[in-house]
Amino acid sequence: MESMSHLVECLEIVHENFPETVELDVSCEEGLKGLAVLAEPQVKEGNPVWLLPKLEELTLETSSDAFDYGRIIAMAIKRTQAATSSPSALSPINSLTLGKGRVHVELLDRLEEAGINYERGGVTLVA
C-alpha cells in the first residue's frame, strides 16, 4: 500500500508542476493501482479538479507476470467516458501500453469499444 500512496503523491506533484502533461510512463513493482486516482476528479475548494487533465497516452510497466491490469483499464475507460461529457476540461486516454502482467480478453474488447488504442507487450491474455 505504501507504494500505491507514493504513486498518488508523485502524480499530484507532476500535476502541480506539469499540468499539461500529455504522455506518462510509469514503471514500478507495485503501486500501479494508485493510478485509479486518475479515474475521477478530486475536490479542491469545492470544485472538481482532474489530475493531469491533458493526459492522452499512458505507458505502464511492471516486472510481475501476475499483475492484473483490470483496474487500470477500468480507470482509462472511465476517464475517457468522462472526457466525452466535458472535452474542454479533460482529454480522453487515446493510447494505453501495458508491459508485463495479465489482462482478461473481454477488457481488451472494452478498450476497443471505448476507442482506446492499446499495446500489450509481454501481457498474458486470460479467458
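Quick notes on the rules
- Residues numbered from 1 in each chain as written.
- Predicted model: local features only at pLDDT ≥ 70, side-chain atom pairs only at ≥ 80, totals over all residues.
- Heavy atoms only, no water.
- Helix = DSSP H or I, 4+ residues; strand = E, 2+ residues; numbered from the N terminus.
- Buried < 20%, exposed > 50% of the residue type's maximum accessible area, 1.4 Å probe, protein only.
- Polar contact = N/O pair within 3.5 Å; in protein donor to acceptor, adjacent residues only side chain to side chain.
- Contact = heavy atoms within 4.5 Å.
- Patch = residues over 30% accessible without salt bridge, like charges linked within 9 Å, V, L, I, M, F, W, Y side chains within 5 Å.
- Areas by Shrake-Rupley, 256 points an atom, 1.4 Å probe, with all protein chains shown as cover.
- Salt bridge = Lys/Arg side-chain N within 4 Å of Asp/Glu carboxyl O.
- Lys, Arg positive; Asp, Glu negative; His and termini not counted.
- Charge placed at Lys NZ, Arg CZ, Asp CG, Glu CD.

(A) Up close: unusual backbone geometry. Notably, Glu-45 is not glycine yet its phi reads approximately 55°, a positive angle. Summarising the element assignment, Glu-45 is placed in the loop between β2 (42–44) and β3 (47–49). Non-glycine residue Leu-52 carries a positive phi angle of around 50°. If you trace the backbone, Leu-52 turns up in the loop between β3 and β4 (57–61).

(B) Main features of the side chain of Gln-42. Along the polypeptide, Gln-42 turns up in strand β2. According to the relative accessible area criterion, Gln-42 is buried, its value standing at 17%. Within the structure, Gln-42 has its side chain in polar contact with the side chain of Glu-12 (distance 3.3 Å). The residues contacting Gln-42, other than those within four sequence positions of it, are Glu-12, Val-37, Asn-47, Pro-48, Val-49 and Leu-51.

(C) Structural view of the environment of Ala-114. Among the secondary structure elements, Ala-114 is positioned in helix α3 (residues 105–114). Through-space distance from the C-alpha of Ala-114 to that of Ile-77 is 6.3 Å; in sequence the pair is 37 residues apart.

(D) Structural detail: a negative patch on the surface. Taken together, Glu-23, Asp-25, Glu-57 and Glu-61 make up a surface patch of like negative charges. Of all the secondary structure elements, the ones that give two or more residues to the negative patch are β1 (23–27) and β4. Along the chain, Glu-61 falls in strand β4. According to the relative accessible area criterion, Glu-61 is partly exposed, its value standing at 33%.

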